[in-house]
There are 2 protein chains.
Amino acid sequence: MGRFLAILFLSLCLHAEEGMWTFNNFPSAVVGKKYGFAPTQQWLDRVRLSSVRLAEGCSASFVSPSGLLMTNHHCAATCIAQLSTNEKDYMKLGFAAQSPAGEVRCPRQEANVLVAIADVTARMDQATKGLQDKAANEARKAETARLEKECASSESVRCEVVPLYGGGIYNLYKYQRYQDVRLVFAPEFSIAFFGGDPDNFMFPRYNLDATFLRVFDNGQPLQTPQHFKWSKAGAKEGELTFISGHPGATNRQHTIAMLETERDFTNLHRLAYLSEYRGMLTQFQTKGPEQDRIAQDDLNGVENSLKVYKGRQHAMVDKNFFGQKIAAEREFQKRVQADAKLRTQYGKAWDDIAAVQTKFRALYYPYLYLERNYGFRSQLFQHALRLLRMADEFEKPNEKRLEEYADARKPSLRQAVLSPAPIYPELEIEQLTFSLTKMRELLGPDDPTVRALFGKRSPREIATGAVKNTRLLDAAARKALMEGGKQAVAGSHDSMVELARLVDPFARAARKRVEEDVESVLTAGMEKLSRARFAVYGTSLYPDATFTLRLSYGSVKGWTENGKAVTPFTIFGGAYERNTGSFPFALPQSWLDAKPKLDPQTRFNFVTNNDIIGGNSGSPVINKDAEIVGLVFDGNIHSLGGSYGFDDVMNRAVAVHSEGIREALRKVYAAERVLRELEQ
Amino acid sequence: MGRFLAILFLSLCLHAEEGMWTFNNFPSAVVGKKYGFAPTQQWLDRVRLSSVRLAEGCSASFVSPSGLLMTNHHCAATCIAQLSTNEKDYMKLGFAAQSPAGEVRCPRQEANVLVAIADVTARMDQATKGLQDKAANEARKAETARLEKECASSESVRCEVVPLYGGGIYNLYKYQRYQDVRLVFAPEFSIAFFGGDPDNFMFPRYNLDATFLRVFDNGQPLQTPQHFKWSKAGAKEGELTFISGHPGATNRQHTIAMLETERDFTNLHRLAYLSEYRGMLTQFQTKGPEQDRIAQDDLNGVENSLKVYKGRQHAMVDKNFFGQKIAAEREFQKRVQADAKLRTQYGKAWDDIAAVQTKFRALYYPYLYLERNYGFRSQLFQHALRLLRMADEFEKPNEKRLEEYADARKPSLRQAVLSPAPIYPELEIEQLTFSLTKMRELLGPDDPTVRALFGKRSPREIATGAVKNTRLLDAAARKALMEGGKQAVAGSHDSMVELARLVDPFARAARKRVEEDVESVLTAGMEKLSRARFAVYGTSLYPDATFTLRLSYGSVKGWTENGKAVTPFTIFGGAYERNTGSFPFALPQSWLDAKPKLDPQTRFNFVTNNDIIGGNSGSPVINKDAEIVGLVFDGNIHSLGGSYGFDDVMNRAVAVHSEGIREALRKVYAAERVLRELEQ
């Protein structure tokens, strides 16, 4: 084994393709030396402005001058499902707008383009200067709210303070915000997710996990002179590839104490919770075709998360892997302890972080279940709580609010309240019953909060009462409450608002305890370690992923699994071989019909050794000419340990090949409108 | 902490009440020294012959001269559920036979009384002498079959070779076997399991988890001159208590390498599997009252297992606890290495066991899913496979068969085939679909076995086809196949028999690989360690639990939880305070009606520091006069780490108080028939 050895502190021995680099600290020289191509600032700017973040958690890119966005089907699936009805199920049938007017707006989709990055470390440092944990934490949040408000000059600008390297550096990211995103083309779910959960995170794969959206501005397609052109040939073996996208989160800089909490506590709970929820949903789906349809989107998310958490656990219980994380931490500690100045400034950070773990474990379940929705898996409840808190928080000064209610976040809040996405009461009742039952189990029936919330009621009674009698299904009713503000909300006797009102003080208290007693200590400790890391290992580092734009480099390359070579490409023919006719291995009719027209040798999916993680879904794979050669949609099973370290021998990004996409558009779907745009 | 320190190698420093002792090696002198009462051989014999094993996995005791058995409601729940219909649901309503003729036979219950123990270590050693792992393993199985057959002179005798101390000693246990066990009295499920899964493994508790059965012999109540009488006063604080029962399994002598496999691999999988299955079942129950009823028994078992596995995992990820297991192993190793003779004989055992773990992990899923029913959670499938294998195996010489088809096991097999227990096709389809889906997930869709079994069929297609078309629902059809033997079974085109026939070769192959490559090495290694342990620590040890009769001693004693004293008793009044009216906190109508008549101070449940584990459910708690003072039904949450070591500070057995049982029989149920018998 030993394959994780060199990965943990990259500045010591940077492994070939490791790194999710920020656009203002990209190692162009290193890439140039290895691949003979060093990205210039102009090249980086072009790529940045052609790259798009989908605010709900994915990546995308502009692929035409008229705002055409390419992303994964699974990144647009919630929208596609929300636009579907039992009569017209676009998940099943696919979707192709025949004209611009036929492009349909997604109920809740937001696209962001990163237009500027500013360093605000000095201001954040100034704000927290001389303050201790709890006070520092409050000051940090207040300064964040101030900075974001100053930056967001209008609602079409989104600003976020991003702590990088665990807080050693704070950057202010400024995005252009677009909330009118429309569906242009989507294939059938059965080919987008061919192989389903069994094949998820596996390779070889045969997925057309691609969808096209369009960004509109003032009712017109957005003009996007900065966009990616299509490569003529697509990805070739060994070719240099860049992936520009938004990796969500990695924990590579977490201390051993933090990882142990994750391994032995939080992750174990998540695995059990999500497994049970999965069983609930799949059985709910057997109640009928409509139930099958309405639960599928949630199920896809749950199954994906489950594989991720299982993969992470697998990595963390690997003695070799974890042993090397421990060794790396010891080495780092030794270096800090060996330097009197560093020791004084940063030497206690590990112990501080370790000491707070016990407290974190004690506060975790109330926090998770009351404040982080594990106890209230219900869109209606989330609507109610949001309305309630908007009314309360907007009365406070901007920098004193819960952070997600700061002025700079108002456009997202409004979009969430007004979203016309359908809500299914039957499913809501089951979801809420399930989550309330789990809350009672994890907090215990004698917990004072549980007693206060439940009284003599069962989880099902609470859920049924709240869902059946609420008016919040209706976006107009939510709009009225939002616009009525504090007075309207306070006077509401809506059943779901009343449930949220009952829960809110307990949820706020649980959150406050975690923020004051745990988060404050962790943030301070991680900030110290971040600065110690710069001092010891220099500044040519990349930060842990933060769902902000990053660039990784690598090349098209297979790997060796149990002694057998895995070639980096699959072809159309393989999908037909794998077809059984039964979900999730059933090709859609369109593909069966098109078989005679298709060249079975057409490249379909491929892998590269770029360093990516969840959130990179929908990222373009580009060549050195910044041309599309593929579309990231997954990682292989070894990529799941990527949360903690990059294994360049085994970890692979999985993408749809650009030729596979074009060929399918041309011959399976005759999607000439989209094709013409790609070829502009 | 440090509270596990002294527990791991008891001969070094035997912790007060630790130990599940065999009846032929009970530390009477130690007990006498501490409590002023040393059990005599006569006392031990009397207790042994009054103690009963319920073959499906519980304990019980004779409590009248006429074969009246006391056990837990949850030990009889499968029987009670099987006797119930949608019209007459005894789980909901309780059951009380008004006359001997009204006592109803359980479809599948077997009671065993341990009548003799013989040491057969020498014969087993002789059989395996000079043989290596695989050959030794085969010889051991063959000798076991021979010994059991020789011993089981008639079908009313059950004989089992029991490897004790991990195989350092082999004993032959001879039981009187009774297959006619009838239901006499059961309370409502809602009071038997008051508090449900949330309260399971918790204390304080308020459960009447008691049921009375009767053993019949030749159609008449069995005469049982050896039985326990009832204590006048019941358990008092500090009183010496014995628990005689059948603890199922502990892993206290497992090596660190084995425990790591359990912690990092097998247990993680179980937690996810059972959690998902639980979600499936609870959602299935929402389909209607009948579905709710028929799935409840399975759900209870699953929820109980889940808590057990979670508790075990919690113990194993406790760094302090596990660190001490590691320290104890090192100490043991050091002692063995320090002695040239011991080193030569046993020194390699740890490494051998560690080395085989990787192989075990690779073979585990096929074995579990194909051979251990994880892939075929269906009574109908189990019926089919049993019939198929009976036909095949009975053609082989006794000692060459799969062990569960040896001649000595025939009565159990026949009882299983002929059981009139109802089978619910709707539930079977969901269970089989679920388990086949999990099998495909864990083995992978490209696994050759999966390909061979599934072909182009989905899990639901396979399950539906096999369940809907089988005739095996009908016990008469099964009987015909059993009696028709090889020819009848081979000629059967029953859908479920055909599925079993398809699976059988793969299942056998998976089992064979585990037995030859893993089990053989583990058995040899554990046998060596067992003998090394005797050599180093002497012979005053108790063996790991083996679902055979054991006696533990201790006293009625509370504990301290988070600095707060937990008193050892609860009272009737507490149940009324806890009543919410909603499941699982709803008292039955009978208890609500009886409230005015009951003394709220009556002792209901209590705890002792006896060392027990799953399988001890239904065990009598007796005083030094061998009188019933309580009925074990659970352990507290700290008892779950008991799989790996005994923590006398926190680990507690939970029992129904004898007075609580009598008072409820008298005033809630007016169960005069049973009461009179108890008072004989």
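Residues numbered from 1 in each chain as written. Chains lettered and ligands numbered in written order. Predicted model: local features only at pLDDT ≥ 70, side-chain atom pairs only at ≥ 80, totals over all residues. Heavy atoms only, no water.

Okay, the relation of the copies chain B and chain A next. Superposition of the two copies of the chain requires a rotation about an axis together with a shift along that axis. Superposing chain B onto chain A takes a rotation of 180° plus a shift of 0.0 Å along the axis, which leaves an RMSD of 0.0 Å. As the rotation angle and translation indicate, the two copies are arranged about a two-fold axis. (Least-squares fit on C-alpha atoms with pLDDT ≥ 70 in both.)

Time to look at the state of the cysteines. In protein structure, a disulfide is the covalent linkage between the sulfur atoms of two cysteines. Residue and element names in this part refer to chain A. Under the counting rule described, the total for this entry stands at six disulfides over all chains. The disulfide that involves C79 links it to C106, with 2.1 Å between the sulfurs. Taking the sign of the S-S torsion, -80° for the link of C79 and C106, the bridge is left-handed. Separated by 27 residues along the polypeptide, C79 in helix 3 (residues 73–83) and C106 in the loop between strand 5 (104–105) and strand 6 (111–119) bring together distant segments of the chain. The class for C79 is buried, based on a relative accessible area of 4%. Here the cysteine-cysteine linkages of chain A are recorded as 1-2, 3-4, 5-6, numbering only bonded cysteines and doing so in sequence order. (Disulfide = S-S within 2.5 Å. Helix = DSSP H or I, 4+ residues; strand = E, 2+ residues; numbered from the N terminus. Buried < 20%, exposed > 50% of the residue type's maximum accessible area, 1.4 Å probe, protein only.)

What follows is about the confidence of the model for chain A. Any residue range with low pLDDT should be treated as having predicted coordinates unsuitable for detailed reading. Residues and elements named next belong to chain A. With 98% of its residues at a pLDDT of at least 70, chain A reaches an overall mean of 95. Taken together, the stretch residues 1–14 has pLDDT below 50 and engages in 39 contacts with residues farther than four places along the chain or on a different chain. Across the whole predicted complex the pTM is 0.95, and at the interface the ipTM reaches 0.94. (pLDDT = per-residue confidence, 0-100. Contact = heavy atoms within 4.5 Å.)

Right, let's talk about helix 11 (residues 319–337) of chain B for a bit. Residues and elements named next belong to chain B. Under the 1.5 Å per step criterion, the end-to-end length of helix 11 is 26 Å for 19 residues, consistent within 8% with the ideal 27 Å. Check the buried side of helix 11 and you find it contacts helix 9 (256–285), helix 10 (289–316), helix 12 (340–346), helix 13 (349–371) and helix 20 (495–537). Two to three positions downstream of the cap, the backbone nitrogen of N320 sits 2.9 Å from a side-chain oxygen, assigning the N-cap of helix 11 to D318. (Expected span 1.5 Å × (residues − 1). Polar contact = N/O pair within 3.5 Å; in protein donor to acceptor, adjacent residues only side chain to side chain.)

Attention now goes to the pattern of salt bridges. Residues and elements named next belong to chain A. Tallying each qualifying case throughout the model produces 124 salt bridges over all chains. One salt bridge in this structure joins E143 and R123, with 2.8 Å as the shortest N-O distance. Taken together, the positions of E143 in helix 6 (residues 133–151) and R123 in helix 5 (residues 121–128) put the pair 20 residues apart, joining distant regions of the chain. The class of E143 is buried, set by a relative accessible area of 7%. Overall, R123 belongs to the partly exposed group, its relative accessible area being 33%. As a salt-bridge pair, R401 and D407 come within 2.9 Å of each other at their nearest N and O atoms. A residue is classified by how much of its surface remains accessible, and R401, at 13% relative accessible area, is buried. Each member of the salt-bridge network shares a partner with another, and the members are K141, E371, R389, E393, K396, E403, E404, D504, R508, R511, E515 and E519. (Salt bridge = Lys/Arg side-chain N within 4 Å of Asp/Glu carboxyl O.)

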